[in-house]
Amino acid sequence: MELHLHRLDYTQVGVTSQKTMRLLPALGKKSTQKVAIADHDGVVTCFGMKKGEAVTYDCLFQPVFKTLPGTKVARMDLGGAVGTPQEKIFVRGFTKKGKQFLTFEANLTESINALHVSGADLFVCASYIYNHYCDCKDQDYFLSGDKINDITCLSSEKLPHLIPVLACQDRVLRVLQFPALHLFWNFLIKMEAREEVLYGTTDGKIGLVQIGDCDAATKWEIGNEKRKGGILCIDTYDIIGDGVNDILVGRDDGTVEVYGFDSSREPTLRFEHVLTESVTSIQGGCVGKESYDEVLTATYTGWVTGLTSEPQRAEAIQGDEVRMTKETQSKIEALSAELEQLQVKVLQGREQYQQSSQSSTAVSAVPVFSINDKFTLCQDDASYSLTLEVPTAIDNLLLQSDVPIDLLDVDKNSAVVSFSECDSEQPNGNFLLATYRCQANTTRLELKVRSIEGQYGTLQAYVTPRLQPKTCQVRQYHIKPLSLHQRTHSIDPDRPMNQLSLVGQFSFAEIHSWVVFCLPEVPEKTPAGESVTFYFHNTFLGTQIEATYCKGEGHFKSDNISTISILRDVLSKEATKKKINLNISYDINDDSVSHTLRMIHPKLEYQLLLAKKVQLIDALKELQVHEGNADFLIPEYRSILDESANLLEEYKKQPAHLDRLYGMITDLLIDKFKFKGKN
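Rules behind the numbers
- Residues numbered from 1 in each chain as written.
- Predicted model: local features only at pLDDT ≥ 70, side-chain atom pairs only at ≥ 80, totals over all residues.
- Heavy atoms only, no water.
- Helix = DSSP H or I, 4+ residues; strand = E, 2+ residues; numbered from the N terminus.
- Buried < 20%, exposed > 50% of the residue type's maximum accessible area, 1.4 Å probe, protein only.
- Contact = heavy atoms within 4.5 Å.
- Areas by Shrake-Rupley, 256 points an atom, 1.4 Å probe, with all protein chains shown as cover.
- Domains from an automatic or database assignment.
- Buried area = accessible area lost by both parts, 1.4 Å probe.
- Axes fitted to C-alpha atoms, helices over the stretch in contact; angles between N-to-C directions.
- Parallel < 35°, antiparallel > 145°, perpendicular 65-115°, else oblique.
- Left-handed = near helix turned anticlockwise from the far one by under 90°.
- Nonpolar A, V, L, I, M, F, W, Y, C, P; charged D, E, K, R; others polar.
- Pairing = 2+ DSSP bridges.
- Salt bridge = Lys/Arg side-chain N within 4 Å of Asp/Glu carboxyl O.
- Phe/Tyr/Trp six-rings, centres within 6.5 Å; stacked < 30°, edge-to-face > 60°.
- Lys NZ or Arg CZ within 6 Å of the ring centre and 35° of its normal.
- Polar contact = N/O pair within 3.5 Å; in protein donor to acceptor, adjacent residues only side chain to side chain.
- UniProt positions renumbered as here; feature names shortened; annotations may be inferred.
- Expected span 1.5 Å × (residues − 1).
- Bend = angle between axes of the 7 residues up to and from the residue.
- Core = buried A, V, L, I, M, F, W, Y, C linked by side-chain atoms within 4.5 Å.

**Some points on the overall build of the protein chain**
Here comes step 1: Within the protein chain, the regular secondary structure consists of seven helices and 43 strands.
Here comes step 2: Here the C-alpha coordinates of the protein chain stretch approximately 85 × 75 × 75 Å along the principal axes.
Here comes step 3: Going through the 679 residues of the protein chain one by one, you find that 47% of them count as buried.
Here comes step 4: Pairs at least 24 apart in sequence give 58% of the contacts found in the protein chain among residues at least 6 apart.
Here comes step 5: Of the accessible surface of the protein chain, which amounts to about 34,700 Å², a share of 49% is contributed by carbon and sulfur atoms.

Written as structure tokens, this is what we have:
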């Protein structure tokens, strides 16, 4: 079944966080619903559709209430008594008419970033702490081992009480007061059925987990082969109208998707639309017109946009004239009147600015703007994705790095890049200076970089928007010594492993801080307990690390001797800074070297073959032009000609890939003999 939805921009509020827009329950079947949305200025706005009004930005919605600015709102949820419509707005506790019915101070020292309401039960989460309140009284709490990103609750007639489920940064769904804990990707969750949890991940995957009495199992998972953005919001709503709830998905690259279910109960993509900003909230309901369902979205800069199922009327055309309906004429007249009012306001604002800037008491004020940035490791191609989003248009971006990194091509990036010469030999010298000049109205920029393990430092991004007076903000991203490693939940115990052991007068917190410095995706907070074990795998080669440490002792195992060498150098350097003496010992397995070479070999072979094919393309094309066709070529060469565009694109996206592999083999040789005491 095909799905046709048409875009309609409704209104704009301030900059928004994830899941800060909700649709209030409809008063009747298929009647329009009110929209509640909160922004970073702390303003909670609720509005509904005016009946019989022309569609304009200012006149489209009938405001119900709007609160005064306050603390930034990071999450919104709806609540109410069990069995009644959930129409109470929880950010600070408002009724649907804007009356504040509830306020109390939670005993949390950190900001609340996740929220779930059910009846008298309020579940809130800060970075690492979960708290449960009932009738505003503290019931229980939980200290998570890693950051909490989202929360939902399982409810069923079989269950004596609500079962909280936490989605954490370490790719774990933590089921509280439940005997089972299963491991899945992190970031965003939504309760789909009584004991099923729908989840989305930062690398763009969507899945459904069924939680049983003693275990959990993945019912299905949709991959991200097209490398779209990460999942920021999920909702379920029957937008197709077949009686089965569909899955509505919003991604950080602006993609909006609708997945329906076929007879085999497997989700299928039915609709896709791309906005220019990241989608922070998504809801299904009836907003614009009665009896017409739509997908309502909120973006980072506060745009509220609907994808409505209402069919677009085609105007009648007679000759060169277009006959418009009265409704269309009234819309155009209202838009024209609104445009004139806006033009008058702009002129008045310019005159006031000119007068104030020329006065003797004028003070230059630096414009303040927020940046929504993300620096994440992509498992598919072992690169880091840097996304920067600004509420206004970006003028230019300067990238500066004090460590060697490669800039990779990104299809979505339309900015013009230029490189400046660097002198890396100087103290505090640069290895990279690149400037991106953005086209008009570019508010989001996506870049990809690849680092070299063992070389660590800082990547800095200087963001300059199109604002007057000119201003710039700097964002820093740490390139870690083992930057291409990613946390995992298990490793292959049968591989030949090398071991590095440290013994010294250091605390649990100190050695944990050293591990945080060396490896990505390790929680900054020191784990509870006396010891901890983390597992990692290398996204480029597939090698692995097991790190086990406690107070005064640390053991690190890896099947790559170069990884052990990097750990030894960095950990000893960090200990020296603290003036801590370390007793370092290691156990080297010679079989691990040939094992690592076997893992490098297929990648090396593939890249050599790719380089060879790319070298032949120009010569083969010249032969084809000279002979008039390519029929005389052997099948291998004809295949190269047919796939030339894809081969060139792949080769262009992987600069210095062969050099990286050569470098790894060289490092392996040097490190092998270094541990034997030979140069």
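**With respect to the domain arrangement of the protein chain**
Here comes step 1: On domain assignment, one finds that the protein chain holds domain 1 (372-479), domain 2 (485-588) and domain 3 (592-676).
Here comes step 2: Each of domain 1 and domain 3 was reduced to a C-alpha centroid, and the two centroids are 28 Å apart.
Here comes step 3: On the domain 3 side, the residues contacting the eight residues of domain 1 number eight residues.
Here comes step 4: At the boundary of domain 1 with domain 3, total buried surface from both sides reaches about 700 Å², with 40% on carbon and sulfur atoms.

**What to know about the packing of helix α2 (residues 508-518) against helix α3 (residues 561-577)**
Here comes step 1: Across the interface, α2 lies against α3 with an axial gap of 10 Å and an inter-helix angle of 130°. In terms of orientation, α2 and α3 fall into the oblique class. The handedness of the crossing between α2 and α3 is right-handed. Residues Trp514, Phe517 and Cys518 of α2 touch α3, and the partners they reach there are Leu567, Val570, Leu571, Glu574 and Ala575.
Here comes step 2: In terms of residue class, the contact of α2 with α3 is made up of seven nonpolar, no polar and one charged.

**What to know about the sheet that holds strand β33 (residues 416-419)**
Here comes step 1: Spatially, the five strands line up as an open sheet ordered β33-β34-β31-β36-β37, and their pairing is antiparallel. The two strands at the open ends of the sheet, each matched to only one other strand, are β33 and β37 (473-479). When the angles between neighbouring strand axes are averaged without regard to direction, this sheet yields 20°.
Here comes step 2: Pairing geometry for β33 and strand β34 (residues 432-437), over four bridges, is antiparallel. Bridge pairing in β34 places Val416 opposite Arg437.

**Remarks on the pattern of salt bridges**
Here comes step 1: Taken as a whole and assessed by the stated rule, the structure comprises 28 salt bridges.
Here comes step 2: Between Asp77 and Arg22 there is a salt bridge; the shortest N-O distance is 2.7 Å. Of this pair, Asp77 sits in strand β6 (residues 77-79) while Arg22 sits in strand β2 (residues 21-23), placing them 55 residues apart in sequence.
Here comes step 3: Judged by its relative accessible area of 7%, Asp77 is buried.
Here comes step 4: Residue classification places Arg22 among the partly exposed residues on the basis of a relative accessible area of 23%.
Here comes step 5: Three or more residues joined by partner-sharing salt bridges are found here, namely Lys228, Arg251, Glu257 and Glu272.

**So, the packing of aromatic side chains**
Here comes step 1: Evaluated as defined, the whole model comprises 10 aromatic pairs.
Here comes step 2: With centroids separated by 6.4 Å and ring planes inclined at 15°, the aromatic side chains of Phe123 and Tyr130 adopt a geometry described as stacked. Tyr130 carries the same exposure label as Phe123, and that label is buried.
Here comes step 3: An aromatic cluster of three or more residues is present, and its members are Phe508, Phe534, Phe536 and Tyr549.
Here comes step 4: Looking at Lys525, its charged tip hangs above the ring of Tyr128, at a distance of 5.9 Å from the centre.
Here comes step 5: Over the ring of Phe673 we find Lys676; its NZ or CZ atom is 5.9 Å from the centre of that ring.

**Quick word on the side chain of Asp235**
Here comes step 1: Looking at the element boundaries, Asp235 is found in strand β20 (residues 231-237).
Here comes step 2: The buried category is assigned to Asp235, whose relative accessible area is 8%.
Here comes step 3: Here Gly284 takes part through its backbone nitrogen, which lies 3.1 Å from a polar atom of the side chain of Asp235.

**Section: the UniProt feature "coiled-coil region" (unreviewed entry) in the protein chain**
Here comes step 1: UniProt records the feature "coiled-coil region" (unreviewed entry) at residues 325-352, using the numbering of this structure.
Here comes step 2: Here residues 325-352 runs as 96% helix and 0% strand, with 41 Å between its end C-alpha atoms.

**What about α3?**
Here comes step 1: Between its first and last C-alpha, α3 extends 25 Å over 17 residues, near the 24 Å set by a 1.5 Å rise per residue.
Here comes step 2: Within α3, 12 of the 17 residues are buried, leaving the element largely enclosed by the surrounding structure.
Here comes step 3: Along α3, the positions that sit buried rather than exposed are Ile561, Ser562, Thr563, Ile564, Ser565, Ile566, Leu567, Arg568, Val570, Leu571, Glu574 and Ala575.
Here comes step 4: Put simply, Asn560 is the residue that caps the front of α3, since its side-chain oxygen is 3.0 Å from the backbone nitrogen of Ser562.
Here comes step 5: Lys579 sits one or two positions beyond α3 and adopts a positive phi of about 60°.

**A few points about the sheet that holds strand β24 (residues 279-285)**
Here comes step 1: Strand order in the open sheet formed by four strands is β1-β26-β25-β24, and the pairing between neighbours is antiparallel. Pairing within the sheet leaves two strands with one partner each, and these edge strands are β1 (6-12) and β24. On average, adjacent strands in this sheet sit at an angle of 20° to one another, irrespective of strand direction.
Here comes step 2: In terms of strand pairing, β24 meets strand β25 (residues 294-299) through six bridges, oriented antiparallel. Of the residues in β25, the one forming a bridge with Ile282 is Thr297.

**Focus on helix α4 (residues 591-627)**
Here comes step 1: In this model α4 runs 53 Å from its N-terminal to its C-terminal C-alpha over 37 residues, within 8% of the 54 Å that 1.5 Å per residue would give.
Here comes step 2: At Ile617, α4 is deflected by roughly 35°, the largest bend along its length.
Here comes step 3: In the segment just after α4, Gly628 is the residue with positive phi, at about 95°.

**Concerning the packing of α4 against helix α5 (residues 635-642)**
Here comes step 1: Direction vectors running N to C along α4 and α5 enclose 95°, while the axes themselves pass 9 Å from each other. Between α4 and α5, the angle is such that the two are roughly perpendicular. Facing α4, whose interface residues are Lys613, Leu616, Ile617, Leu620, Lys621 and Gln624, α5 presents Tyr637, Ile640 and Leu641.
Here comes step 2: Counted by class, the contact of α4 with α5 contains six nonpolar, one polar and two charged residues.

**Focus: the nonpolar core**
Here comes step 1: Residues Leu399 and Leu459 are the most contacted members of the largest nonpolar core, which totals 36 residues.
Here comes step 2: Split by domain, the residues of this core number at least three in each of domain 1 (372-479) and domain 3 (592-676).
Here comes step 3: Counting residues in hydrophobic clusters, the runner-up holds 30 residues, among them Val516, Ile566, Ile580 and Leu668.

**Some thoughts on the pairing of β25**
On a regular strand, one side chain projects to one face of the sheet and the next to the other, so that they alternate.
Here comes step 1: The buried count for β25 comes to six of six residues, which makes it a mostly enclosed element.
Here comes step 2: Here β25 shows no split at all, with Glu294, Leu296 and Ala298 on one side and Val295, Thr297 and Thr299 on the other all buried.
Here comes step 3: Examined bridge by bridge, β25 and strand β26 (residues 303-308) share five bridges and lie antiparallel to one another. Each residue of the ladder has a partner; that of Thr297, found in β26, is Thr305.
Here comes step 4: Counting the residues that bridge the hairpin from β25 to β26 gives three residues, and of these Gly302 lies at a positive phi of roughly 95°.

**Some remarks on the side chain of His537**
Here comes step 1: Note that His537 resides in strand β40 (residues 531-538).
Here comes step 2: Separated by 3.4 Å, the side chains of His537 and Gln379 make a polar contact.
Here comes step 3: Beyond its immediate chain neighbours, meaning those up to four positions away, His537 contacts Gln379, Leu484, His485, Gln486, Thr488, Thr543 and Gln544.

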